[in-house]
Structures are given as structure tokens and as C-alpha cells.
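Letter by letter, the chains look like this.
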Amino acid sequence: MFLGTSDHSLDAKGRVILPSKFREELGESFYITMGFRKCVQVMSADEFDHLRAQIRTLPADKALSLQYLLISPATLVSPNSQGRVCISQKLREDAGLSGEVTVVGMDTRIEIWDKAAFASFMEQQKQASMKEALELLRL
């Protein structure tokens, strides 16, 4: 299970250090692909295989769309001796990653966000969740 958030920098080659606890759980090789939001996601080989299997059970048009979005841009990576992994230029561009990033543990996967975009997203989530909670609690 992946938990927690940490801030890191992308180097000039598009590499980022993943926390050691995440790397241990991911194994020697794992996948990086487009995220469900404006980010990239990292999954163990087993989790990626599970995602692929789920996609294959969908109606053909939905499966094809998700294959284009999640399967085709995926890259199998292994961290270097410093624990860095390379994120392809295309994925970095699509997710708006440059400079400072936030690495987010999301239970069975990891997301890598632009630091400012993640802060903005979290603020929006807090506002929406608080409003909904207040309405549900009738406070």
C-alpha cells in the first residue's frame, strides 16, 4: 500500500527520485503511464497487469479509449542506483511536469503531480469536500 506525499525535483533528464519505501514495494521494474487526472501514475507490474485485464473486460469502444490513454503511453522502468526513474518527455508534457513535483501515495498506485497543480487541486478538494460535509451534517 502506498501512503503519504513528498516533494521532489525533476532533473534535466526528466528523472525523479521515488521514496525508498515506494521503490521497495514496486519491485525492480514497474510501469509509468498517464494518470487519471493531470498527473502521471506509477504502478507495480502486477497492478498494471490487473488494470490491463480490467480494461479488456469493458465494451470495445471503452476498452479502446482506455488502451490509448493508459496502455499505449506506458513505459516499463527500473530505478537507477540513486533511486531515480525517468519519465518520458511526452508524459511530462501531458501532465505539465517540470521542476518541482509532488509524489502521492494512492493505495495501489502512485501519482506524480506538478507541485503547484497538486496544491491547487487539493485546495479545490478541501473546499468541495467541506461544503458537502456541511450540507450532509446540516451544520
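Data block above holds the structure.
Caption draft 1: Up close: the packing of aromatic side chains. In the structure shown here, the tally under the stated rule is four aromatic pairs. Aromatic side chains Phe2 and Phe22 sit 5.4 Å apart centroid to centroid with 90 degrees between the ring planes, which places their arrangement in the edge-to-face category. You can see Phe2 sitting in the segment before strand 1 (5-9) and its partner Phe22 sitting in helix 1 (residues 20-26), a full 20 residues away along the chain. Judged by its relative accessible area of 3%, Phe22 is buried. Each residue in the set Trp113, Phe118 and Phe121 is aromatic and connected to the rest through ring pairs, giving one cluster.

Caption draft 2: Representation of the environment of Ile55 within the structure. With respect to the helices and strands, Ile55 occurs in helix 2 (residues 45-56). Accessibility expressed as a relative area gives 2% for Ile55, which makes it buried. With ten residues separating them along the chain, Ile55 and Ser65 place their C-alpha atoms 9.5 Å apart. In this view, Ile55 contacts Ala63, Leu66, Gln67, Leu70 and Ile71; residues no more than four positions away in its chain are not counted.

Caption draft 3: Spotlight on unusual backbone geometry. Positioned with a positive phi, Asp107 is a non-glycine residue whose angle comes to about 75 degrees. Residue classification places Asp107 among the partly exposed positions, given a relative accessible area of 42%.

Caption draft 4: A look at the sheet that holds strand 3 (residues 30-34). Pairing in this open sheet of six strands is antiparallel, and the strands run 1-7-8-4-3-5 from one edge to the other. Of all the strands in the sheet, the pair left with one neighbour each is strand 1 and strand 5 (75-77). Sheet twist, expressed as the average angle between the axes of neighbouring strands with direction ignored, equals 25 degrees. Contacting strand 3 and strand 4 (40-44), helix 2 runs over the sheet at an angle of about 105 degrees to strand 4.

Caption draft 5: Spatial organisation of the nonpolar core. Judged by nonpolar contacts, the single largest core of 21 residues is most densely connected at Leu18, Ile32, Val40, Val42, Ile87, Leu97 and Ile112. Residue assignment for this core shows that the elements contributing at least two residues are helix 1, strand 3, strand 4, helix 4 (89-95), strand 7 (100-105) and strand 8 (110-114). Take this core: its biggest share by element is three residues, from strand 3. In this view, Ile112 contacts Val16, Leu18, Cys39, Val40, Val42, Ile87, Leu97, Val101, Thr102 and Val103; residues no more than four positions away in its chain are not counted. By size, the runner-up hydrophobic cluster in this structure holds seven residues, among which are Met43, Phe48, Ile55 and Ala63.

Scoring rules and cut-offs
- Residues numbered from 1 in each chain as written.
- Predicted model: local features only at pLDDT ≥ 70, side-chain atom pairs only at ≥ 80, totals over all residues.
- Heavy atoms only, no water.
- Phe/Tyr/Trp six-rings, centres within 6.5 Å; stacked < 30°, edge-to-face > 60°.
- Helix = DSSP H or I, 4+ residues; strand = E, 2+ residues; numbered from the N terminus.
- Buried < 20%, exposed > 50% of the residue type's maximum accessible area, 1.4 Å probe, protein only.
- Contact = heavy atoms within 4.5 Å.
- Pairing = 2+ DSSP bridges.
- Axes fitted to C-alpha atoms, helices over the stretch in contact; angles between N-to-C directions.
- Core = buried A, V, L, I, M, F, W, Y, C linked by side-chain atoms within 4.5 Å.

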